[in-house]
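Examination of the molecular architecture
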Amino acid sequence: MLIALVANLVIALAKVAGGLIASSPALLSEAAHSVADSLNEVFLLASLSRSRRRADARHPFGYGKERFFWSMLAAVGIFVTGGCFSFYQGLHTLLNPEAEETGGYLIVYVVLAVSLLAEGASLVRATVQVRGQAKRAGRGVVAQLRRGDDPTVRTVFAEDAAAVLGVLLALAGAGLHQWTGQPVWEAGAALSIAVLLMYVAYRLGRDAKDRLVGQAVDPVLQQRALEVLTERPEVDTVTRLLTMQLGPDSALLAARMDLVDGLDSSGVERLCVELRQRIRSVCPDFDQVFLDITAADEDERRRATERRRRLRETVARQAADGG
């Protein structure tokens, strides 16, 4: 991560210098993009260190959600520093085309070519990491990007993919400007980069928001936990299964169960202990497990059956979509 931060800073400085020398709106937009990426690397480094702190009295469930908070800040950074500046740069060029006469195209091409190589190498590394996580989770790469629990990896991949595409847009805009003599092409490239960055920021921010407000774990993991509970003959029905992602490798499970008749208090206690151990063995992400034993009426049983049906359908759809 530190190497990536240094690389982004060097690329950002090169783009700023090249953009100012050549008066290239597209290159200046890419400079803002690289500045946003550098700022986000700082946020992600902070999230890695702060999220590893042990649980304490003030945060009994740990600090895993720090990852989601800093990912939200990274999304805001992409939107403001990269997207808004690129939008301004493109709009200014459209409204004042006579004041935008790009010179020194060689500088623009050299800086963008070097950036493309660096960003491309970083994207390859991020792709390999995502594929490794997808393989361990038993799902496809696209599914891993949508449903993976580690926002840091997802953010880095999104930044690198956007960086490569942004450089290609800047190259296209500068090339068409040089060929036609019309600065509108670089203005269009700058606006396209702005739209790209705003879209990436929106997707990352929406994902971080969902997890900050208490998103449930992946339906496949919910189904696995439900099967562990219902495989015991002592469990008559699981009327409610509530889960929440606490961090990349930490989750909470709360289950309300109705047991068969005939169990005494010691049997109930022994069953709960065994179920907790089994859940943590089969689903190690559930490091917080709460079991509530209560009698269920017919209406609760009906709703529980409907929820289980919907859960099975969701898991089946995910499997059909590649995991």
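Procedures and definitions
Residues numbered from 1 in each chain as written. Predicted model: local features only at pLDDT ≥ 70, side-chain atom pairs only at ≥ 80, totals over all residues. Heavy atoms only, no water. Helix = DSSP H or I, 4+ residues; strand = E, 2+ residues; numbered from the N terminus. Expected span 1.5 Å × (residues − 1). Buried < 20%, exposed > 50% of the residue type's maximum accessible area, 1.4 Å probe, protein only. Contact = heavy atoms within 4.5 Å. Polar contact = N/O pair within 3.5 Å; in protein donor to acceptor, adjacent residues only side chain to side chain. Phe/Tyr/Trp six-rings, centres within 6.5 Å; stacked < 30°, edge-to-face > 60°. Lys NZ or Arg CZ within 6 Å of the ring centre and 35° of its normal. Pairing = 2+ DSSP bridges. Axes fitted to C-alpha atoms, helices over the stretch in contact; angles between N-to-C directions.

The next subject is helix H10 (residues 298–320). For H10, which comprises 23 residues, the first-to-last C-alpha distance of 33 Å matches the rise-based estimate of 33 Å (1.5 Å per residue) to within 8%. Looking at H10, one finds that the buried residues are Ala304, Leu311, Val315 and Gln318. The inward-facing, buried residues of H10 contact helix H5 (141–147), helix H8 (219–230) and strand S1 (235–247). The N-terminus of H10 is capped by Asp297, whose side-chain oxygen sits 3.2 Å from the backbone nitrogen of Asp299.

Applying the stated rule across the entire model yields three aromatic pairs. Ring geometry for Phe43 and Trp70: centres 5.8 Å apart, planes at 40°, overall tilted. Residue Phe43 is located in helix H2 (residues 25–50), and its partner Trp70 is located in helix H3 (residues 66–95); the two are separated by 27 residues in the primary sequence. By relative accessible area, Phe43 is classed as buried at 16%. Classification of Trp70 as buried rests on a relative accessible area of 16%. Ring plane angle 80° and centroid distance 5.4 Å describe the contact between Phe69 and Trp70, whose orientation is recorded as edge-to-face. Exposure remark for Phe69: the relative accessible area of 40% places this residue in the partly exposed category. Grouping aromatic residues by their ring pairs yields a cluster made of Phe43, Phe69 and Trp70. One cation-aromatic arrangement involves Arg53 over Tyr63; the distance from NZ or CZ to the ring centre is 3.8 Å.

Of all ten residues in strand S2 (residues 250–259), eight are buried, a share of seventy percent or more. The sheet contact formed by S1 and S2 spans ten bridges and is antiparallel. Its bridge partner being in S2, Thr237 is matched across the sheet by Asp258. Connecting S1 to the antiparallel partner S2 that follows it, the hairpin turn spans two residues. For S2 and strand S3 (residues 286–293), the ladder comprises seven bridges, and the chain directions are parallel.

Quick look at the sheet that holds S3 now. With mixed pairing, the three strands of this open sheet are ordered in space as S1-S2-S3. What marks the edges here is a single partner per strand, and that holds for S1 and S3. Neighbouring strand axes in the sheet, compared pairwise and without regard to direction, differ in orientation by 15° on average. Running at roughly 150° to S3, helix H9 (residues 265–282) makes contact with S1, S2 and S3 of the sheet.

What follows deals with the environment of Gln133. By the secondary structure assignment, Gln133 is in helix H4 (residues 105–137). Expressed as a C-alpha distance, the spacing of Gln133 and Val35, which sit 98 residues apart in the sequence, is 28 Å. Not counting residues within four places of it along the chain, the set of residues in contact with Gln133 comprises Gln144, Asp150 and Val153.

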